[in-house]
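Here's the letter readout for the chains.
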Amino acid sequence: MRRRNFITLLGSAAAAWPLAAHAQQPAMPVIGFLRSTSLADATHLMAAFGQGLREAGFIEGQNVAIEYRSAEDRADRLPVLVAELVRRQVVLIVGNTPSALVAKAVTTTVPIVFVTGSDPVVDGLVASLSRPGGNTTGVSFLSGALGTKRLELLRQLVPRAGTIAVLVDPYTPEADRERKDVQAAANAIRQQLIVVEVGSDRDFEAAFATFAQRGAGALFGGTVAFLNSHRERVVALAARHALPACYALREFATAGGLMSYGTSITDAYRLAGIYVGRIVKGEKPAELPVQQSTKFELVINLRTAKALGLEVPDKLVALADEVIE
């Protein structure tokens, strides 16, 4: 009886060993992916981020999990969402400029990787590009700094536009700096601008009505996440009002916009994915210098130019990285 009881006990213990071993395995690390705008318009960015993670050795659902959150254009929701991710015990938070700024204000311990179109030092995200310090690092694609160049390209395409409309977001520091740079460049060449702020869905129709009323001959699209998340609507309104436009991101041109010039936001998210992988493996954000995306893209949509009755100069077409016909 004793031998039989011992064998039964031994068999029960052996059956429990795999379960115990499984319970002792480390949990899959969880990453928080946070945006101030809709995730529905950011699938290409999430795909690029996933590609970067794979390059760093991580595959979502296999050895890393991702919690996606969006404030849906409501900045007041960001602190709540960050707190929610912290309670979820994420190992890291990745976000665009508004999300990263709020995350930095909420937590000093959870690593943060940002993707920004402006200067992260000026924005207060890091102490310096080479030595970020604290719990924050990331990628800057410096799109806002290219506003003057986009204005120049737009004037080459529509040289007779007496007044150029400018769409800006009133709630971000990068938009404010871009607006000042573009205004200074316009003043230097005596170019008249009409600057209109759009901070919510209901502002777009009113903005384009203002442009039409004041006789705008072209459109300058500012560099902010809010405009990017509503790019199809902006492009449609520009077409309805027959406004030739230059935007910051290629996504506008591929959606039917006339022209775009800037660095690649998808490449920036890929680089962010690589950084996230390195941090999950144990590197510290403070020791990872801010990367700067250097992939510049000029995209011209000739189909849109034809619909607007515009003749694109051959020299401009020759400069383009992509021509949509």
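The rules behind the values
- Residues numbered from 1 in each chain as written.
- Predicted model: local features only at pLDDT ≥ 70, side-chain atom pairs only at ≥ 80, totals over all residues.
- Heavy atoms only, no water.
- Helix = DSSP H or I, 4+ residues; strand = E, 2+ residues; numbered from the N terminus.
- Buried < 20%, exposed > 50% of the residue type's maximum accessible area, 1.4 Å probe, protein only.
- Contact = heavy atoms within 4.5 Å.
- Areas by Shrake-Rupley, 256 points an atom, 1.4 Å probe, with all protein chains shown as cover.
- Arc of directions from axis to C-beta.
- Pairing = 2+ DSSP bridges.

1. A few points about the overall build of the protein
- The helix and strand tally for the protein stands at 14 helices and 13 strands.
- Here the C-alpha coordinates of the protein stretch approximately 100 × 40 × 35 Å along the principal axes.
- Taking all 325 residues of the protein together, 50% fall into the buried category.
- In the protein, the share of contacts with a sequence separation of at least 24, taken over all contacts with a separation of at least 6, comes to 71%.
- As presented, the protein carries roughly 15,400 Å² of accessible surface, and 53% of it is formed by carbon and sulfur atoms.

2. Brief notes about helix α8 (residues 203-213)
- Taken as a whole, α8 has its buried residues at F204, A207, F208 and F211. All buried residues of α8 project into a common sector of 90° when viewed along the axis, lining one side.
- In this structure, the buried residues of α8 make contact with β6 (163-168), β7 (192-197), β8 (218-221), α9 (225-229) and α10 (231-240).

3. Things to note about the pairing of β8
- Burial of the side chains of β8 extends over both faces: A218 and F220 are buried on one face and L219 and G221 on the other.
- Here four bridges tie β6 to β8, and the two strands are oriented parallel to one another. Following the sheet pairing, L167 is matched in β8 by G221.
- The pairing of β8 with strand β9 (residues 245-247) spans two bridges and is parallel. From the neighbouring strand, F220 faces β9, where its bridge partner is C246.

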